[in-house]
Amino acid sequence: MSTTVIERNNAEKGNFSQMKQHSGEAAKISVTDLNLFYGEKQALYNVSLGIQEKKVTALIGPSGCGKSTFLRTLNRMNDLIDGVKITGDIVVDSENIYQSNDVIKLRTKVGMVFQKPNLFPMSIYDNVAYGPRMQGIKNKKELNKIVEESLRGAAIWDEVKDRLKTSALGLSGGQQQRVCIARAIAMKPEIILMDEPTSALDPISTLKVEELITHMKKDYTIVIVTHNMQQAARVSDKTAFFLNGEIIEYDETDHIFSMPQDQRTKDYVTGRFG
Ligand SMILES: Nc1ncnc2c1ncn2[C@@H]1O[C@H](COP(=O)(O)OP(=O)(O)OP(=O)(O)O)[C@@H](O)[C@H]1O
């Protein structure tokens, strides 16, 4: 298995940092020289990394460093914001996503779970069936199967199977977040983006969602933004450390936490700033 080491000259800060990419393993998503501007303001600088299939990749870094912005580039959610300009390439399974016009297809393949549960004011069943129905699936049996499989996949079936027709908004925050994950799964995505999915949850619900993420990686490629270092260490295989819109270091999670190569990574993961 070959390992490519990309060295980047960080001229602005007058230093040199190394970013490892394990190119021998399958990259589901390849990002090359990605820059993103909100109007005049640049939020991402020459971001390059390969995200591996059926692994969990954590994005960490202090507030405002560009983690969510980067995450949203992976399913073109930033397209919805006025004045955004993006340069560089993002290739998902050999397709350059910014050269394709089929954003709906992309968002079916690359699902998303947000910071706060954002269920619709409708029943649990209808929330999960919403996407498949929009895709044209009308057959009741088929929908029942998708709803059950998705709720099982999100480890919430047993808790809701007797109340599928009741309002999803009557569930606890932690249950709602798992129904959001079920709603994402119902679209049969290959990649799931999670933007601080447990930040609004209590410790027990957080643990459940973390267990779920660990379980889900056998079927999905997961990219998660988190402010919680323990969470990144617990759930992820690879970790990218962002600072001021750049990737400072990207490596196996164990390495990032136990032997970071860059002093700034070390300072961040040991809690010296952030
Ligand atoms: N819609 C927007 N318009 C203009 N600037 C934005 C917009 N969204 C984010 N930014 C700016 O881009 C930079 C990166 O923001 P982003 O939300 O990606 O950071 P983050 O690392 O996810 O932060 P946090 O951890 O606080 O969520 C920040 O300076 C932010 O103010």
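Residues numbered from 1 in each chain as written. Predicted model: local features only at pLDDT ≥ 70, side-chain atom pairs only at ≥ 80, totals over all residues.

Caption draft 1: Looking closely at the sheet that holds strand β7 (residues 95–96). What the 4 strands build is an open sheet, ordered β4-β3-β6-β7; its pairing is antiparallel. Two strands in the sheet have a free side with no partner beyond their single neighbour: β4 (41–52) and β7. Pairing of strand β3 (residues 27–38) with strand β6 (residues 84–92) involves 8 bridges; the strand directions are antiparallel. Bridging from a neighbouring strand, Asn-35 pairs with Thr-87 of β6. (Pairing = 2+ DSSP bridges. Helix = DSSP H or I, 4+ residues; strand = E, 2+ residues; numbered from the N terminus.)

Caption draft 2: Layout of the pairing of strand β9 (residues 191–195). Counting buried positions along β9 gives 5 out of 5 residues, so the element sits mostly inside the fold. Here β9 shows a buried face lined by Ile-191, Leu-193 and Asp-195 and a second buried face lined by Ile-192 and Met-194. Where β9 and strand β10 (residues 221–225) come together, 5 bridges link them in parallel fashion. Bridged to Ile-191 within β10 is Thr-221. At this point the chain moves from β9, through helix α7 (residues 203–216), to the parallel β10, and the crossover so formed is right-handed. (Buried ≥ 20, exposed ≤ 12 C-beta atoms within 10 Å, placed from the backbone. Right-handed = clockwise from strand over helix to strand, strands pointing away.)

Caption draft 3: Representation of helix α4 (residues 140–153) in the model. Between its terminal C-alpha atoms α4 stretches 20 Å, which fits the 20 Å expected from 14 residues at 1.5 Å a residue. Within the sequence span of α4, burial applies to Ile-146, Val-147, Ser-150, Leu-151 and Gly-153. Along the axis of α4, the buried positions cluster into a sector of 160°, meaning they face one direction only. Against α3 (124–134), α5 (157–160) and α6 (173–185) lie the buried residues of α4. With its phi angle positive at about 55°, Ala-155 sits one or two positions after the end of α4. (Expected span 1.5 Å × (residues − 1). Arc of directions from axis to C-beta. Contact = placed C-beta atoms within 7 Å.)

Caption draft 4: Local environment of the environment of Ile-90. Relative to the helices and strands, Ile-90 resides in strand β6. Taking the C-alpha atoms as reference, Ile-90 lies 4.5 Å from Val-31; in sequence the two are 59 residues apart. Contacts of Ile-90, omitting those with residues within four sequence positions, involve Ile-29, Val-31, Leu-34, Thr-73, Leu-74, Ile-97 and Tyr-98.

Caption draft 5: Looking closely at the pairing of strand β11 (residues 238–243). Burial analysis of β11 places 6 of its 6 residues in the buried class, which makes it a mostly covered element. Burial along β11 is two-sided: the face carrying Lys-238, Ala-240 and Phe-242 and the face carrying Thr-239, Phe-241 and Leu-243 are both buried. Where strand β5 (residues 56–60) meets β11, 4 bridges bridge the pair, whose relative direction is parallel. Opposite Ile-60, over in β11, you have Phe-241 as the bridge partner. Note: β11 against strand β12 (residues 246–252), 6 bridges, orientation antiparallel. Across the sheet, residue Lys-238 finds its bridge partner in β12, namely Glu-252. Taken together, β11 and the strand that follows it, β12, pair antiparallel across an intervening segment of 2 residues, in which Asn-244 is found at a positive phi of about 45°.

Caption draft 6: View of the sheet that holds β9. Read across the open sheet, the 6 strands follow the order β8-β9-β10-β5-β11-β12; overall the sheet is mixed. The strands lining the two open edges of the sheet, one partner per strand, are β8 (110–113) and β12. Neighbour to neighbour, the strand axes of the sheet diverge by 20° on average, direction disregarded. (Axes fitted to C-alpha atoms, helices over the stretch in contact; angles between N-to-C directions.)

Caption draft 7: Inspection of the site of the ligand at higher detail. Around the ligand, the surrounding shell consists of Tyr-38, Lys-41, Ala-43, Gly-61, Ser-63, Gly-64, Cys-65, Gly-66, Lys-67, Ser-68, Thr-69 and Ile-81. Residue contributions to the shell around the ligand peak at 3 residues, all from helix α1 (residues 67–73). Here the residues of the shell around the ligand sort into 4 nonpolar, 6 polar and 2 charged. (Near = placed C-beta within 6 Å. Nonpolar A, V, L, I, M, F, W, Y, C, P; charged D, E, K, R; others polar.)

Caption draft 8: Up close: the confidence of the model for the protein chain. Averaged over every residue, the pLDDT of the protein chain is 90; the share at 70 or more is 91%. Taken as a whole, residues 1–23 scores under 50 in pLDDT and shows 34 contacts with residues more than four places along the chain or in a different chain. Both scores are available for the predicted complex, with the pTM at 0.90 and the ipTM at 0.98. (pLDDT = per-residue confidence, 0-100.)

Caption draft 9: Region of the structure containing α6. With 13 residues, α6 should cover 18 Å at 1.5 Å per step; its first-to-last C-alpha distance of 18 Å lies within 8% of that length. Within α6, 12 of the 13 residues are buried, leaving the element largely enclosed by the surrounding structure. Taken together, the buried positions of α6 are occupied by Gly-174, Gln-175, Gln-176, Gln-177, Arg-178, Val-179, Cys-180, Ile-181, Ala-182, Arg-183, Ala-184 and Ile-185. Buried residues along α6 sit against β8, α3, α4, α5, β9 and α7.

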